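# Structure at a glance
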Amino acid sequence: MISEPSVSENALGRQPGEPVQSAITYEKIPTHIYADAKDASRAVAREIAALIREKQQKGQQCVLGLATGSSPKTVYAELIRQHREEGLSFRNVVSFNLDEYYPMEPDSLQSYVRFMKEQLFDHVDIPEGNYFIPDGTVAPNKVLEFSRAYEEKIQSYGGLDFQLLGIGGNGHIGFNEPGSLINSHTRLMMLDHSTRAAAAGDFGGLAQTPKKAITMGVAPILSAKRIVLLAWGERKAPVIRAALEGTVTEQIPASYLQTHPNALFVIDQAAASDLTRMQTPWLVDTVEWDKQMVKKAVTYLSRTLGKPILKLTNKDYNDNGMSDLLAQVGQAYDLNIDVFNQLQHTITGWPGGKPNADDTNRPERAQPARKRCLIFSPHPDDDIISMGGTFQRLHDQGHEVHVGYQTSGNIAVADDEALRFADFVVDFNDKFGIDSPEATRIFRDAAAFLREKKGSEMDTEEVRYVKGLIRKGEAKATCRFVGIPVENAHFLNMPFYETGKVEKKPLGEEDIQAVMDVIREVKPHQIYAAGDLADPHGTHKVCLDAIFEAVRRLKNEDFMKDCWVWLYRGAWAEWDIHEIEMAVPMSPDQLMRKRLGIFKHQSQKDGVVYQGSDSREFWQRAEERNRATASLYNQLGLAEYEAMEAFVRWKY
Ligand code: F6R
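Residues numbered from 1 in each chain as written. Predicted model: local features only at pLDDT ≥ 70, side-chain atom pairs only at ≥ 80, totals over all residues. Heavy atoms only, no water.

### Looking at the overall build of the protein chain
For the protein chain, the helix and strand inventory stands at 20 helices and 17 strands. Rg of the C-alpha trace for the protein chain: 27 Å, near the compact-globule value of 26 Å for 652 residues, within the 12% margin. For the protein chain, the spread of C-alpha atoms along the three principal axes comes to 85 × 80 × 45 Å. In the protein chain, buried positions account for 55% of the 652 residues. A separation threshold of at least 6 residues defines the contact pool for the protein chain, and within that pool the share at least 24 residues apart is 76%. (Helix = DSSP H or I, 4+ residues; strand = E, 2+ residues; numbered from the N terminus. Rg over C-alpha atoms; globule rule 2.2 N^0.38 Å. Buried < 20%, exposed > 50% of the residue type's maximum accessible area, 1.4 Å probe, protein only. Contact = heavy atoms within 4.5 Å.)

This is the structure we're talking about:
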């Protein structure tokens, strides 16, 4: 059970806002872990502001190395706030950015010049000539000269006082991709495939994404007097562990920071989740052996030793740093049975509760036998991708199932799809004698626009609408396929999403109201929501925040007294085994049926606009993940199922 989406205290009893201190550390660089990116960014901004002020008092310039990407945005926002509200001046600041795509025009939508102006420079008093960003317009035969001059300029200001960094999923810092040497200098780099895939969304697809960038080298980064690296979200967790706990290697350029005398990692709980102190806190410090911690430790031991839970011995516990747990409980035998039973009780083929059955040890209540279920789907396909098997069962077992499609998902539709559908409407009208000059005009305009469209250009409102309709049609097709009436599909079109760009607006009142309205209308006994925290800036997180806020506001209404909220995970990650509170098994046939349901989303097949670095199609990711969950249960010694969908209950 989790009580909040952003955990404010961790296993080591830390107070909110305070970085974690641990007894033994496996991390080779000082690391501060915060509840969320906001808290962490405030601390980093405070350090930068203090440095700027200290230099001001001494009448000196403050030389900052700055980064782009999603991670530093919250730091820049806090610096702007301090400038506006607390009089922080940037007049003595000189800054050097890490990198720029190549080639790149400074006024282009994706240029880092534009990014820095929009995110920081235009909102503070830094003098115009005081910031430097690698020039994406220099001629190819001048790049070397430019790069040398860039480093010389940094030196002419006395070197970097402070360097802010993000980290790529592959461990890059700046655009020093894996393979970059510790003594590398500022240069033109070929971008790694994973870096391009991560940026492809901003450029309207991989084909339009630059292949090169000019980046400050590892050597000038490491010569900064102070370095702070930021990372938010679960997707960064594996690389954060590798950089902090692994060996120094050119395969993870961020690991070079282990050689720096004054580096700090500032990360949120999600990015920290793979660290030893999080994975196995009992190996780091004394822990309180509550039910969750025991479950975590026992499942960990069973997985690590490759032994089913019921076969773990006293010696296994003692040999693996868990003798204090044993001392508390007595015997491995009792511990094993207790955790085995807990896991067993999470498995149910009755996600809406089993009518007329004793529900003491079942994840869901037996009553009411026929429930109203409301599945929230952030994009139009998350319902079927992430919980398609459960969706189908709820319907087959007689529950009244509704789906709240939270966003239109329009930006993920390719241009030629939009054109194909607009063309269809014109031909359809033609064939059946429907005289609609308006439809023909929309089609002509859209066709002309899409033909001329530059990679990064925003779609017209009409094209976006057509794209939204395509996804709406696909969602309805899934509902028909599962068997629920189309009236039970509710399209919320939450306004925060409708920017036409990858960058979304912050969650607003209208968004929350849209979620509250559908909850009020359905009066559900069960709400299913995407509890996907992998990307803290992503749509799923905003959609989840809207649901949490709506539920909090409605919780005193009568109909909410009987409403349980279940969280499923999006396409990217699964809950940890010790967290799972309901696991719904699927047979091979049921899994195949789920695949067919996912196929209804044709616009999201065969190479999608936002593929990310995972080249598998959504149905493949979903199947592999559901199979992996089932196989994990089996490895722990429970029954062998084909696949499983997993849920965690949010108690509000
Ligand atoms: C940006 C840069 C990159 C990013 C990294 C992480 O100037 O040099 O190294 O910091 O790719 O990007 P985000 O923060 O978007 O995950």
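### Observations concerning the site of the ligand
Around the ligand, 13 residues are found, and the nearest of them are T68, S71, D99, H172 and K236. K236 has a polar side-chain atom sitting 2.6 Å from an oxygen atom of the ligand. Coverage of the ligand by the protein chains reaches 86% of its 410 Å² of free accessible surface. (Near = heavy atom within 4 Å. Polar contact = N/O pair within 3.5 Å; in protein donor to acceptor, adjacent residues only side chain to side chain. Areas by Shrake-Rupley, 256 points an atom, 1.4 Å probe, with all protein chains shown as cover.)

### Brief notes about the pattern of salt bridges
Here the idea is simple: oppositely charged side chains can pair when their charged atoms come close. Applying the stated criterion to the full structure yields 39 salt bridges. Between E364 and R365 there is a salt bridge whose closest N-O contact spans 3.0 Å. For D445, the salt bridge identified is with R441, shortest N-O distance 2.6 Å. Separated by 4 residues within a single helix, D445 and R441 lie in helix α15 (residues 437-452), roughly one turn from each other. Assessed through its relative accessible area of 32%, R441 is described here as partly exposed. (Salt bridge = Lys/Arg side-chain N within 4 Å of Asp/Glu carboxyl O.)

### Focus: the nonpolar core
Membership of the largest hydrophobic core comes to 63 residues, with the highest contact counts inside it found for Y317, F376, V515, I519 and Y633. In terms of residue count, helix α18 (residues 539-554) provides more of this core than any other element does, 9 residues in total. Beyond its immediate stretch of four places on either side in the chain, Y317 contacts V298, L301, L312, M322, S323, L325, L326, A332, L335 and N336. (Core = buried A, V, L, I, M, F, W, Y, C linked by side-chain atoms within 4.5 Å.)

### Quick look at the sheet that holds strand β5 (residues 131-132)
Judged by pairing direction, the sheet is parallel, and its 7 strands sit side by side in the order β1-β10-β9-β6-β2-β3-β5 without closing on themselves. Each edge of the sheet is formed by a strand with only one pairing partner; in this case those strands are β1 (31-34) and β5. (Pairing = 2+ DSSP bridges.)

### Digging into the side chain of H601
Tracing the backbone shows H601 in the loop between α19 (588-599) and α20 (618-635). Of the residues examined, H601 reaches a relative accessible area of 2% and is grouped as buried. Apart from residues lying up to four places away in sequence, H601 is in contact with P380, D381, I384, E474, A475 and T478.

### Describing the sheet that holds strand β12 (residues 400-405)
Spatial strand order, β13-β12-β11-β14-β15-β17-β16: 7 strands in an open sheet with mixed pairing. If you trace the sheet from one side to the other, it starts and ends with β13 (489-491) and β16 (582-586), each paired once. Across the sheet, the mean angle separating the axes of adjacent strands is 25 degrees when strand polarity is ignored. Pairing of strand β11 (residues 372-377) with β12, which is carried by 6 bridges, proceeds in the parallel orientation. Counted as the bridge partner of I375 is V403 from β12. (Axes fitted to C-alpha atoms, helices over the stretch in contact; angles between N-to-C directions.)

### Quick look at the pairing of strand β4 (residues 99-102)
Across the two faces of β4 the burial is the same, with D99 and Y101 and E100 and Y102 all buried. Here β4 pairs with strand β8 (residues 212-215) via 4 bridges, running antiparallel. By the bridge assignment for β8, Y101 is matched with A213.

### Digging into the packing of helix α17 (residues 509-522) against α18
It is the contact of α17 with α18, at a shortest axis distance of 9 Å, that shows an interaxial angle of 60 degrees. The angle between the axes of α17 and α18 places the two elements in the oblique class. The handedness of the crossing between α17 and α18 comes out as right-handed. When α17 is examined against α18, the residues E509, I512, Q513, V515, M516, I519 and R520 are found in contact with a partner set consisting of A546, I547, E549, A550, V551, R553 and L554. (Parallel < 35°, antiparallel > 145°, perpendicular 65-115°, else oblique. Left-handed = near helix turned anticlockwise from the far one by under 90°.)

### Regarding the packing of aromatic side chains
Taken as a whole and assessed by the stated rule, the structure comprises 22 aromatic pairs. For the pair F146 and Y150, a centre-to-centre distance of 5.8 Å together with 25 degrees between the ring planes defines the contact as stacked. Of the two residues, F146 and Y150 are both situated in helix α4 (residues 143-156); the distance of 4 residues between them amounts to about one turn of the helix. By relative accessible area, Y150 is classed as buried at 5%. Summarising the aromatic geometry, the rings of Y528 and F647 are spaced 5.5 Å apart at their centres and angled 70 degrees between planes, so their arrangement reads as edge-to-face. Of this pair, Y528 sits in strand β14 (residues 526-530) while F647 sits in strand β17 (residues 643-650), placing them 119 residues apart in sequence. You'll find Y528 and F647 in the same group, each marked buried. Connected via pairs of aromatic rings, a cluster forms that spans F96, F132, F146, Y150 and Y157. Taking the ring centre of F559 as reference, the NZ or CZ of K523 above it sits at 5.2 Å. (Phe/Tyr/Trp six-rings, centres within 6.5 Å; stacked < 30°, edge-to-face > 60°. Lys NZ or Arg CZ within 6 Å of the ring centre and 35° of its normal.)

### Examining a nonpolar patch on the surface
Together, F424, V425, F428, F432 and I434 line one region of the surface with nonpolar side chains, adding up to about 490 Å² of accessible area. As for its position among the elements, F428 is in helix α14 (residues 415-431). Exposure remark for F428: the relative accessible area of 37% places this residue in the partly exposed category. (Patch = residues over 30% accessible without salt bridge, like charges linked within 9 Å, V, L, I, M, F, W, Y side chains within 5 Å.)

### What about the environment of E624?
By the secondary structure assignment, E624 is in helix α20. Spatially, the C-alpha atoms of E624 and V44 are 39 Å apart, while their sequence positions differ by 580 residues.

### Here's the deal with α14
For α14, which comprises 17 residues, the first-to-last C-alpha distance of 24 Å matches the rise-based estimate of 24 Å (1.5 Å per residue) to within 8%. On the buried face of α14, the contacting elements are α15 and α16 (461-482). Looking one or two residues beyond α14, the residue adopting positive phi is G433, at roughly 65 degrees. (Expected span 1.5 Å × (residues − 1).)

### Some thoughts on the pairing of strand β6 (residues 162-165)
Walk down a regular strand and you will see the side chains alternate between the two sheet faces. The alternating pattern of β6 places F162 and L164 on one face and Q163 and L165 on the opposite face, and all of these are buried. Bridge analysis of strand β2 (residues 62-66) against β6 gives 2 bridges, and the strand direction is parallel. Directly across from L64, in β6, lies its bridge partner F162. Looking at chain direction, β6 and strand β9 (residues 227-231) are connected through 3 bridges and run parallel. Across the sheet, residue L165 finds its bridge partner in β9, namely L229.

### What to know about the state of the cysteines
Applying the stated criterion across every chain yields a total of 0 disulfides. The thiol of C373 is not disulfide-bonded; the next cysteine sulfur, from C563, is found 9.7 Å away. The class of C373 is buried, set by a relative accessible area of 0%. (Disulfide = S-S within 2.5 Å.)

### Considering the confidence of the model for the protein chain
In this model, the protein chain carries an average pLDDT of 92, and 94% of its residues clear a pLDDT of 70 or more. For the stretch residues 1-17, pLDDT sits under 50, and the model shows 44 contacts to residues farther than four places along the chain or on other chains. (pLDDT = per-residue confidence, 0-100.)

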